[in-house]
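The chain contents come next:
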Amino acid sequence: QVQLVESGGGLVQPGGSLRLSCAASGGSSSLNVMGWYRQAPGKERELVARIFSGGGINYADSVKGRFTISRVNGKNTVYLQMNSLKSEDTAVYYCHAKPTPWARDYWGQGTQVTVSS
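Residues numbered from 1 in each chain as written. Predicted model: local features only at pLDDT ≥ 70, side-chain atom pairs only at ≥ 80, totals over all residues. Heavy atoms only, no water.

Structural notes on the nonpolar core
Turning to step 1, where the next piece is worked out: By size, the foremost hydrophobic cluster in this structure holds 29 residues, and its most contacted members are Trp36, Leu80, Met82 and Tyr93.
Turning to step 2, where the next piece is worked out: Going through the elements one at a time, β3 (18–25), β4 (33–39), β5 (46–52), β7 (67–72), β8 (77–82), β9 (91–98) and β11 (111–115) are the ones with two or more residues in this core. (Core = buried A, V, L, I, M, F, W, Y, C linked by side-chain atoms within 4.5 Å. Buried < 20%, exposed > 50% of the residue type's maximum accessible area, 1.4 Å probe, protein only. Helix = DSSP H or I, 4+ residues; strand = E, 2+ residues; numbered from the N terminus.)

Considering the sheet that holds strand β1 (residues 3–7)
Turning to step 1, where the next piece is worked out: The four strands are arranged β1-β3-β8-β7 in an open sheet whose pairing can be described as antiparallel. What marks the edges here is a single partner per strand, and that holds for β1 and β7. With strand direction ignored, the average angle separating the axes of adjacent strands in the sheet is 15°.
Turning to step 2, where the next piece is worked out: Sheet topology note: the β7/β8 ladder contains six bridges and is antiparallel. If you follow Ser70 over to β8, its bridge partner there is Tyr79. (Pairing = 2+ DSSP bridges. Axes fitted to C-alpha atoms, helices over the stretch in contact; angles between N-to-C directions.)

A closer look at the state of the cysteines
Turning to step 1, where the next piece is worked out: Summed over the entire model, instances satisfying the criterion amount to one disulfide.
Turning to step 2, where the next piece is worked out: One disulfide in the model links Cys22 with Cys95; its S-S distance is 2.0 Å. In this structure, the disulfide formed by Cys22 and Cys95 twists by about -85° around the S-S bond and is classed as left-handed. With Cys22 in strand β3 and Cys95 in strand β9, this pair connects stretches of sequence that are 73 residues apart. (Disulfide = S-S within 2.5 Å.)

Here's the deal with the packing of aromatic side chains
Centre-to-centre distance and the angle between the planes together describe a pair of aromatic rings.
Turning to step 1, where the next piece is worked out: Scanning all chains against the criterion turns up one aromatic pair.
Turning to step 2, where the next piece is worked out: Both rings, one in Tyr37 and one in Trp107, keep their centres 5.0 Å apart while their planes meet at 70°; by these two values the pair is edge-to-face. Of this pair, Tyr37 sits in strand β4 while Trp107 sits in strand β10 (residues 106–107), and the two are 70 residues apart along the sequence.
Turning to step 3, where the next piece is worked out: Residue Trp107 is classed as partly exposed on the basis of its relative accessible area, which comes to 36%.
Turning to step 4, where the next piece is worked out: In this arrangement the basic side chain of Arg45 is found over the ring face of Tyr94, its NZ or CZ atom lying 3.8 Å from the centre.
Turning to step 5, where the next piece is worked out: Note that Arg45 overlies the ring of Trp107, its terminal NZ or CZ placed 4.6 Å from the centroid. (Phe/Tyr/Trp six-rings, centres within 6.5 Å; stacked < 30°, edge-to-face > 60°. Lys NZ or Arg CZ within 6 Å of the ring centre and 35° of its normal.)

Quick look at the structure:
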């Protein structure tokens, strides 16, 4: 019932910036939580950042001070501003949403972020 579409991935040099966007469709109410996860080859998928409808935000320690998550509740849209990118940020980034705490998880198709000189 919820479809997530990501955009904004690409190739960037170390120290550069990218902004990821995720637009949710198919829902008629605000999503309880929206966020971003990432997965590098051979590694587990990990939380990058998430933002709740009430305004609470969580960041992975590895991205604090460099990444900023924001959302437009009325449009169920979430952004991830990524600054001071490092090679270890290279991964497929997935948008995530959960309409209510008891609902199933919804995932986007993923967008590749590559940080390389």
